[in-house]
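Observations on chain architecture
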Amino acid sequence: MAKVEIYTTMICPYCVRAKKLLEAKGVTYTEIDVMADRSLRAKMTERAGGRTSVPQIFINGQHVGGCDDLYALDRQGQLAPMLSQAG
């Protein structure tokens with residue numbers, strides 16, 4: 001199974017939506033709450049190529065983007081193969 005990391009905040013509806021899709025796929029993920037930790041948010045922004053919004057999602061270390069990007073990958077049939085690769 002892939003290693004999935006998702007940077008979130010507690011008040012983000014897109015974060016909830018992205019986590020629901022991952023959970024529906026049976027994916028275990030590491031959630032990193034950046035709401036109160038500026039250093040974690042800075043690390044997220046650096047890893048995400050300057051993107052500051054949440055969620056920011058990484059699969060096996062590869063940045064896949066935010067919630068809309070995750071759903072687009074799923075619609076295109078590209079998410080399942082990514083999730084099946086060992087991380």
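Residues numbered from 1 in each chain as written. Predicted model: local features only at pLDDT ≥ 70, side-chain atom pairs only at ≥ 80, totals over all residues. Heavy atoms only, no water.

As recorded by an unreviewed UniProt entry, the protein chain carries the name Glutaredoxin and is attributed to Dongia soli. Here is the UniProt Sequence similarities (unreviewed entry) comment for the protein chain, exactly as written: "Belongs to the glutaredoxin family." Recorded in UniProt for the protein chain, the comment headed Function (unreviewed entry) runs: "Has a glutathione-disulfide oxidoreductase activity in the presence of NADPH and glutathione reductase. Reduces low molecular weight disulfides and proteins." (UniProt positions renumbered as here; feature names shortened; annotations may be inferred.)

Thoughts on helix α1 (residues 13-24)
Here α1 contains twelve residues, and its C-alpha end-to-end distance of 17 Å stays within 8% of the 16 Å for a straight helix at 1.5 Å per residue. Lining the buried residues of α1 we find β1 (4-8), β2 (29-33), β3 (56-59), α3 (67-75) and α4 (79-84). Backbone geometry just after α1 places G26 at a positive phi near 75°. (Helix = DSSP H or I, 4+ residues; strand = E, 2+ residues; numbered from the N terminus. Expected span 1.5 Å × (residues − 1). Contact = heavy atoms within 4.5 Å.)

Some words on the sheet that holds β1
Pairing within the open sheet is mixed, and its four strands lie in the order β2-β1-β3-β4. In the strand order of this sheet, the two ends are held by β2 and β4 (62-65), each with one partner. Strand-to-strand, the axes of this sheet are offset by a mean angle of 25°, without reference to chain direction. By the bridge criterion, four bridges tie β1 to β3 in an arrangement that is antiparallel. Bridge pairing in β3 links I6 to I57. Sitting on the sheet, α1 touches β1, β2 and β3, and the angle it makes with β1 is about 160°. (Pairing = 2+ DSSP bridges. Axes fitted to C-alpha atoms, helices over the stretch in contact; angles between N-to-C directions.)

Things to note about the pattern of salt bridges
According to the stated counting rule, one finds five salt bridges in the structure shown. E5 serves as the salt-bridge partner of R47, at 3.0 Å between the closest nitrogen and oxygen. On the criterion of sequence distance, the pair formed by R47 in helix α2 (residues 38-47) and E5 in strand β1 is long-range, its members being 42 residues apart. Relative accessible area serves as the criterion here: at 29%, R47 is assigned to the partly exposed category. Look at E5 and you get buried, because its relative accessible area is 11%. The salt bridge partner of K25 is D74, with a shortest N-O separation of 2.7 Å. (Salt bridge = Lys/Arg side-chain N within 4 Å of Asp/Glu carboxyl O. Buried < 20%, exposed > 50% of the residue type's maximum accessible area, 1.4 Å probe, protein only.)

Details of a nonpolar patch on the surface
Residues M10, I11 and M35 make up a contiguous nonpolar surface patch of about 360 Å² in total accessible area. Along the polypeptide, M10 turns up in the loop between β1 and α1. (Patch = residues over 30% accessible without salt bridge, like charges linked within 9 Å, V, L, I, M, F, W, Y side chains within 5 Å. Areas by Shrake-Rupley, 256 points an atom, 1.4 Å probe, with all protein chains shown as cover.)

So, the nonpolar core
Counting 18 residues, the largest nonpolar core has V4, I57, I59, L70 and L79 as its most contacted members. Put simply, the parts of the chain that give this core at least two residues each are β1, α1, β3, α3 and α4. Top contributing element to this core by residue count: α3, with four residues. Judged by nonpolar contacts, the second largest core, of nine residues, contains C15, I32, V34 and M44. (Core = buried A, V, L, I, M, F, W, Y, C linked by side-chain atoms within 4.5 Å.)

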